[in-house]
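One-letter residues, chain by chain:
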Amino acid sequence: MNIFTIKEMTITSLQAELASGNTTSVELVQTYLERISVADSNDGGTNSVLEINPDALFIAEQMDIERKEEKLRGPLHGIPVLIKDNIDTADGMHTSAGTIVLADNFAKQDAFIVRKLREAGAIILGKVNMTEWANFMSEPMPNGFSGRGGQVRNPYGSFDVGGSSSGTGAAIANNLAVVGIGTETSGSILSPSSNNSLVGIKPTVGLLSRNGIIPIAHSQDTAGPMTRTVQDAATLLQVVAGRDEADPATLSAPPLPDYTEFLQKDGLNGKRLGIDAQTLNNLAPEKRELMEKAFTALREQGAELIEVKVPEITRESSVLYHEFKHGVNRYLRTVAAHLPAHTLKEVIDWNRINTDTALLHGQDILEAAEKTDGTLKQTDYLQDRLADIRESRTEGLDQVMIDAELDAIIFPSYYGCDIAAKAGYPSITVPAGYTEAGEPFGITFTAGAFEESTLIEIGYSYECATQHRKAPN
């Protein structure tokens, strides 16, 4: 293989190449490394890959040996994957959440989802850049910037790359690996997926383990697939989802279905989908036209579209500030003694000492979170948390879905991510076209808890009917 033939290859197409002997996992890794060296430079490239796994080629050799011995581990056997820099890997790579203060942090054990990836045969090719502290550091910080990695750039041009899984979005869009993993608290998978012409699945909170992921908020955090096709997203979700005794959020999840069984071309037929008209009014005319074309495609595939009004949650919530301090302090207790910070306060103090490198965009959000007491018992937190649940679920998405008998609600781009995040409910975004200037635009579908199978049906059927994704030049 060469640098060009891997473009837009999928898990299925690459597995066929590997099975036939046309290529090997070693050749795949070498080809992606070559492409990274050409297309991901700091000067003019996407600047999305933060570091390469020093063991990647050795792992690829092992996967090739196991393939010859007909000992395939799973659907990702020998497939290179990129993951976000806030996910622990107990190997030669760091886990820093894009920060300089954690630049020398080596995790002591794999995150649960990393273990699942390895068990399925994936080759973790490297860690990708991200918006620092998953976009929970400062209000002025641009999407895709981190002190450790610099600025991630959109491969389609001078457009917003999205955050905070910006590195995953740019890297997978730019064909620097087969598939990638991002994380989301509110919009951090959906935003960069939509902005980079990708499929992104933000799962129900509790479908997969949060164990070993640097947190923002335990009530909203989740990891999820970022891929170039719905089929790849379903396959990747199948691998990383599952019960983890160390994460109570996963213990009440229903039995895991086979998500690949929902890859049906007629998956839209008979589906009732809600259109949130107020979000359309916020769009520029060109993007409004793209949504109207999407509606036409949905109807042509047999979906019934019903206009609904999704309640806006305009109340300011303190939940993320309280949960961030609690979660980050808990994580920092586990890092090595030689690191300069083991509490949020120590992070803030270290940043102030190293202002020139660590505080290019300030840290007002970190400072606001530090003002909470970290006990999760303060009145404002408890009242806001209960209000978030009531307004996003009972009086929000649940009410809209029940009243209109909907299978899902449609949003343009990543609109609606906030209410789905507060509810902990799943969403999928799929490419919906491009503006005249070439800016990618996505369509998002949101459903009830653990309805990922419904979203995969909808997303796959829409993707098959429209085939919007184009690789960046």
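Residues numbered from 1 in each chain as written. Predicted model: local features only at pLDDT ≥ 70, side-chain atom pairs only at ≥ 80, totals over all residues. Heavy atoms only, no water.

**Q** Describe in detail the layout of surface pockets, supporting the description with residues and values.
**A** Quantified by volume, the largest pocket comes out at close to 870 Å³. Along the wall of the largest pocket there are 32 residues; nearest its centre are Asn135, Phe136, Ser186, Leu320 and Asp418. Looking at the lining of the largest pocket, the elements that each hand over two or more residues are α5 (132–135), α11 (319–332) and α16 (417–423). Class assignment of the residues belonging to the lining of the largest pocket gives a composition of 12 nonpolar, 14 polar and six charged. (1 Å grid on protein atoms, 1.4 Å probe; cavity = no way out; pocket = protein on both sides within 12 Å on 5 of 7 lines; lining within 4 Å. Points joined across faces, edges and corners; volume = space filled by probe spheres on them. Helix = DSSP H or I, 4+ residues; strand = E, 2+ residues; numbered from the N terminus. Nonpolar A, V, L, I, M, F, W, Y, C, P; charged D, E, K, R; others polar.)

**Q** Break down the environment of serine 413 for me, with residues and values.
**A** If you trace the backbone, serine 413 turns up in the loop between β11 (408–412) and α16. You can call serine 413 buried: its relative accessible area is 9%. Considered as a pair, serine 413 and methionine 291 are 122 residues apart in the sequence and their alpha carbons are 9.2 Å apart. Leave out the neighbours within four places in its chain, and serine 413 touches Ser194, Asn195, Thr429, Phe441, Gly442, Ile443 and Thr444. Polar side-chain contacts of serine 413 include one of 3.3 Å to the side chain of serine 194. (Buried < 20%, exposed > 50% of the residue type's maximum accessible area, 1.4 Å probe, protein only. Contact = heavy atoms within 4.5 Å. Polar contact = N/O pair within 3.5 Å; in protein donor to acceptor, adjacent residues only side chain to side chain.)

**Q** Describe the side chain of serine 164, and please don't skip the residues or the numbers.
**A** Here serine 164 lies in the loop between β5 (150–151) and α6 (166–173). At 2.8 Å, the side chain of serine 164 forms a polar contact with the side chain of lysine 84. Aside from chain neighbours lying at most four places away, what touches serine 164 is Lys84, Met130, Thr131, Ala134, Asn135, Thr183 and Ser188.

**Q** Provide a residue-level description of unusual backbone geometry, including the pertinent values.
**A** Looking along the chain, the bond that leaves glycine 163 and enters serine 164 is cis, with omega of 0°. Unlike most non-glycine residues, asparagine 47 shows phi in positive territory, near 50°. Asparagine 47 gets classed as buried once you look at its relative accessible area, which sits at 8%. Of note in the backbone geometry, tryptophan 133 takes a positive phi value of approximately 50° without being a glycine. Mapping tryptophan 133 onto the fold places it in helix α5. For tryptophan 133, a relative accessible area of 2% puts it in the buried group.

**Q** Residue-level account of the sheet that holds strand β8 (residues 222–227), with values.
**A** What the 11 strands build is an open sheet, ordered β1-β3-β2-β6-β8-β7-β12-β13-β11-β9-β10; its pairing is mixed. Edge positions in the sheet fall to β1 (49–52) and β10 (304–308), since each has one partner strand and no second. When the angles between neighbouring strand axes are averaged without regard to direction, this sheet yields 30°. (Pairing = 2+ DSSP bridges. Axes fitted to C-alpha atoms, helices over the stretch in contact; angles between N-to-C directions.)

**Q** Before we move on, could you go through the packing of helix α8 (residues 230–240) against helix α17 (residues 452–466) and cite the residues and values that matter?
**A** Contact pair α8 / α17: the axes reach a minimum separation of 9 Å and the direction vectors enclose 160°. Between α8 and α17, the angle is such that the two are roughly antiparallel. For the pair formed by α8 and α17, the contact residues are Val230, Ala234 and Leu237 on the first element and Glu452, Ile456, Gly459, Tyr460 and Glu463 on the second. Taken together, the residues of the contact of α8 with α17 break down into five nonpolar, one polar and two charged. (Parallel < 35°, antiparallel > 145°, perpendicular 65-115°, else oblique.)

**Q** How would you summarise α6 if you had to cite specific residues and measurements?
**A** Within α6, eight of the eight residues are buried, which leaves the element mostly enclosed by the surrounding structure. Of the positions making up α6, those classed as buried are Ser166, Gly167, Thr168, Gly169, Ala170, Ala171, Ile172 and Ala173. On its buried face, α6 sits against β2 (80–84), β3 (123–128), β6 (179–184), α7 (190–195) and β8. Just past α6, the residue asparagine 175 takes up positive phi, approximately 60°.

**Q** Go over the pairing of strand β9 (residues 272–276), please, and point to the residues and values.
**A** Of all five residues in β9, four are buried; the element is thus mostly enclosed. By the bridge criterion, three bridges tie β9 to β11 in an arrangement that is parallel. Residue glycine 274 lies in a different strand from β11, and its bridge partner there is isoleucine 409.

**Q** Lay out empty space enclosed by the protein in plain terms, naming residues and giving numbers.
**A** With the rule as written, the count across this model stands at three cavities of 30 Å³ or more. The computed volume of the largest cavity comes to approximately 100 Å³. Residue lining of the largest cavity: 15 residues in total, with Asn86, Thr183, Ile213, Ile214 and Asp221 positioned closest to the centre. Sorting the residues of the lining of the largest cavity by element identifies β6 and β8 as the ones contributing at least two each. Tallied by class, residues from the lining of the largest cavity come to six nonpolar, five polar and four charged. Here the lining of the second largest cavity is composed, by residue class, of eight nonpolar, one polar and no charged.

**Q** Now, about helix α10 (residues 285–300): what can you tell me, with residues and values included?
**A** The terminal C-alpha atoms of α10 lie 23 Å apart, and with 16 residues this matches the ideal 22 Å at 1.5 Å per residue to within 8%. Leu290, Met291, Ala294, Phe295, Ala297 and Leu298 are the residues of α10 that are buried. Along the axis of α10, the buried residues cluster in a sector spanning 165°; they form a single face. Exposed positions of α10 whose direction lies more than 90 degrees from the buried face are Pro285, Lys293 and Glu300. The positive-phi residue at the C-terminal boundary of α10 is glycine 302, with phi of around 95°. (Expected span 1.5 Å × (residues − 1). Arc of directions from axis to C-beta.)

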